[in-house]
Amino acid sequence: MYNNIGDNMDFLTNRGIIIKNEELLKTALTHSSYANEENVDSYERLEFLGDAVLELATSEYFYLRSNFKEGDMSKVRASYVCENALYEYSNKIGLTENIRVGNGVSVDTPSIVADCFESVLAVIFLEHGFSVAKKYALDIIVPYITDNVLFIHDNKSYLQEMVQMEKKTLEYVVVSETGPAHDKRFTVDVIVDGIKFGTGEGKSKKEAEQNAAANAISKIA
């Protein structure tokens, strides 16, 4: 069991944030594996709220600070609120070392770390309101935007992030394979929650999947 939450709240205090409800903050840093072992609450409900706060804060930022079209705003925003990005932020500010996980679970699991970033943001929102929560998030994120650090580099990863934000399922299905062995062509459908969202072709399954993802992204955007 990993249980090291303590007095090291630098990831908050360094940015002028004081949380009075310490139990809620502990909950925000508690994975379900620890919660089940110790019969306490996990961060899952807070993560739901924090996800919405983060989406609104970053959406407003790109709306006000860019001339991107809707689809481009969605794509750029996704790069800075994806799992890899939140994992990077959390490690950078020292949040990760405060996460509580149960036996056999790694505290360095990207999905857990990303969820905790959002959960902590929810706690800030509940105690201080949206303006403070937004400032906290953007103070961390904007330097990465300014430096043009991208956390999503391909269509499949981007589509995966879009689907995860909506809690939907995603799969790629090879629907045809034609041509001789030295010159094959693959056709792949991308299925989101049981519905075909895009189709792509390529000389390999990987290329066809990337093209199918791009086709789905264009339709969603």
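Residues numbered from 1 in each chain as written. Predicted model: local features only at pLDDT ≥ 70, side-chain atom pairs only at ≥ 80, totals over all residues. Heavy atoms only, no water.

Looking at this structure, how should I read the overall build of the protein?
What the protein contains, in helices and strands, is ten helices and three strands. Along the protein, helices (α) and strands (β) appear in the sequence α-α-α-α-α-α-α-α-α-β-β-β-α when read from the amino end. Taken along its principal axes, the extent of the C-alpha atoms in the protein is 65 × 45 × 30 Å. Residue burial in the protein is summarised as follows: out of 221 residues, 43% are buried. Contacts spanning at least 24 positions in sequence make up 56% of the contacts within the protein whose residues lie at least 6 apart. Summed over all atoms, the accessible surface of the protein reaches about 11,800 Å², with 48% contributed by carbon and sulfur. (Helix = DSSP H or I, 4+ residues; strand = E, 2+ residues; numbered from the N terminus. Buried < 20%, exposed > 50% of the residue type's maximum accessible area, 1.4 Å probe, protein only. Contact = heavy atoms within 4.5 Å. Areas by Shrake-Rupley, 256 points an atom, 1.4 Å probe, with all protein chains shown as cover.)

Sorry if this is basic, but what is going on with the pairing of strand β1 (residues 170–178) here?
In the case of a regular strand, side chains alternate between the two sheet surfaces. Pairing of β1 with strand β2 (residues 185–192), which is carried by eight bridges, proceeds in the antiparallel orientation. By the bridge assignment, Y172 is partnered in β2 with V190. (Pairing = 2+ DSSP bridges.)

Would you explain the nonpolar core in this entry?
One broad rule of soluble globular proteins: the nonpolar side chains tend to lie buried together. Core analysis: the biggest nonpolar cluster contains 60 residues, and F11, L12, Y89, L95, I99, V120 and Y136 have the highest contact counts within it. Here this core takes ten residues from helix α7 (residues 110–128), the largest share from any one element. When sequence neighbours within four positions are dropped, the list of residues in contact with F11 reads L29, I93, G94, L95, N98, V120 and Y136. (Core = buried A, V, L, I, M, F, W, Y, C linked by side-chain atoms within 4.5 Å.)

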